[in-house]
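Commentary on secondary and tertiary structure
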Amino acid sequence: MAERAHRSPATPRPVVPLSEVEEGSPAQRERRRRILEATLALATKGGFDAVQMRAVAERAGVALGTLYRYFPSKVHLLVAGLAHELSRVLERIERAPVPGATAAERVLLVLHRNTVALQRDPHLTEAMTRAFMFADTSVAEEVRQVSRLTERMLTHAMGVEEASDEDKDIARVIGDVWLSNLVAWVTRRASAEDVENRLALTVRLLLSARDR
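Every residue gets a number counted from 1 within its own chain, in the order that chain's sequence is written. Where totals are concerned, whole chains, interfaces and linings use all residues; where local detail is concerned, this predicted model gives features only for residues with pLDDT of at least 70, and gives and counts side-chain atom pairs only at 80 or more. Side-chain numbers here rest on the full set of heavy atoms in the structure, without hydrogens or water.

The name given to the chain in an unreviewed UniProt entry is Cholesterol catabolism transcriptional regulator KstR, and the organism recorded there is Pseudonocardia humida.

1. Some points on the pattern of salt bridges
Charged atoms that come close allow side chains of opposite charge to pair. We count a salt bridge whenever a side-chain nitrogen from Lys or Arg sits within 4 Å of a carboxyl oxygen from Asp or Glu. Across all of its chains, the model carries 9 salt bridges by this definition. Its salt-bridge partner being Arg88, residue Glu85 comes within 2.2 Å of it at the nearest N-O pair. Remark: Arg88 and Glu85 occur in helix α6 (residues 74-93); sequence separation between them is 3 residues, near one turn of the helix. Note that Arg172 and Glu151 form a salt bridge whose closest N and O atoms lie 2.8 Å from each other. In this pair, Arg172 sits in helix α10 (residues 165-186) while Glu151 sits in helix α9 (residues 140-158), placing the two residues 21 residues apart along the sequence. Note on exposure labels: buried denotes an accessible area under 20% of the residue type's maximum, exposed denotes more than 50%, and partly exposed covers the range between, all computed with a 1.4 Å probe on protein chains only. The exposure class of Arg172 is partly exposed, given its relative accessible area of 36%. Note on Glu151: relative accessible area 15%, which makes it buried. Taken together, the salt bridges that share partners define one network made up of Glu37, Glu85 and Arg88. Put simply, DSSP marks the helices as runs of H or I at least four residues long and the strands as runs of E at least two long, and each gets a number from the N terminus on.

2. Here we look at the packing of α9 against α10
Lines fitted to C-alpha atoms define the axes, with helix axes restricted to the stretch in contact, and inter-axis angles between N-to-C directions lie between 0 and 180 degrees. The interhelical angle for the contact between α9 and α10, taken along N-to-C directions, is 115°, at an axis separation of 8 Å. By the angle between their directions, the pair α9 and α10 is classed as roughly perpendicular. For the pair α9 and α10, the sense of crossing is right-handed. In this structure, α9 contributes Val146, Thr150, Glu151, Met153, Leu154, Thr155 and Met158 to the contact, and α10 contributes Asp167, Lys168, Ile170, Ala171, Arg172, Ile174, Gly175, Trp178 and Leu179. Three residue categories are used. Nonpolar comprises Ala, Val, Leu, Ile, Met, Phe, Trp, Tyr, Cys and Pro, charged comprises Asp, Glu, Lys and Arg, and polar comprises the others, including Gly. When its residues are assigned to classes, the contact of α9 with α10 shows 9 nonpolar, 3 polar and 4 charged. For classification, angles of less than 35 degrees are called roughly parallel, those exceeding 145 degrees roughly antiparallel, those between 65 and 115 degrees roughly perpendicular, and all remaining angles oblique. By convention the crossing between two helices is left-handed if the near helix lies anticlockwise of the far one by an angle smaller than a right angle, and right-handed if it lies clockwise. The contact rule is simple, with two residues in contact once any of their heavy atoms fall within 4.5 Å.

3. What to know about the packing of helix α8 (residues 122-134) against α10
α10 packs onto α8 with a crossing angle of 120° between their chain directions and a minimal axis gap of 9 Å. Considering the angle they form, α8 stands oblique to α10. Of the two possible hands of crossing, α8 and α10 adopt the one that is left-handed. Across the interface between the two elements, Pro122, Thr125, Glu126, Thr129, Phe132 and Met133 from α8 touch Leu179, Leu182, Val183, Trp185 and Val186 from α10. Across the contact of α8 with α10, the residue classes tally to 8 nonpolar, 2 polar and 1 charged.

4. Comments concerning the environment of Pro122
Secondary-structure assignment places Pro122 in helix α8. We classify Pro122 as partly exposed; its relative accessible area is 41%. A C-alpha to C-alpha distance of 9.6 Å links Pro122 and Ala43, two positions 79 residues apart in sequence.

What follows is the structure in structure tokens.
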């Protein structure tokens, strides 16, 4: 019975695409926000295993069937939760230029602040990065959203108004290194100091020419 409770309904209605929610009614957007906030609250307390579909639905005040229409699995929930957190970070940092004399300094400052914030909340970070590792093609839309937000966050830190293809490529590589090192930290294959050192090396290698 417990296993059945975590499965989606036998005859689910079509999943609501993220693009449709973003362009939909205020009620849809508010429902999605409550679902994500509930997911993050549960993950903060107990990590990946604490995020159960029924518990999320109850905490968010939505029907279980409605939850499955928005998010078919906990992996969808948690990767979307990561995007939700990054969108809040992006909103904060886009209010003003990032301090720093060079692009490398500014990017490292943004990465450092975000890394430290995530390391303060290890259960949540474990849950989100574990979900990101497990994400398959069914979670492609949420993964793309994480990538877009990370790219925008880093190109803003680089100080470019209109990001070129090269700027975006550099931001994507740095973002990939950042996420992979968060995974290494969560799985205890790297210390917090290791993460900082690897990020510093990556950023300096990729941005040294720009800062000359």
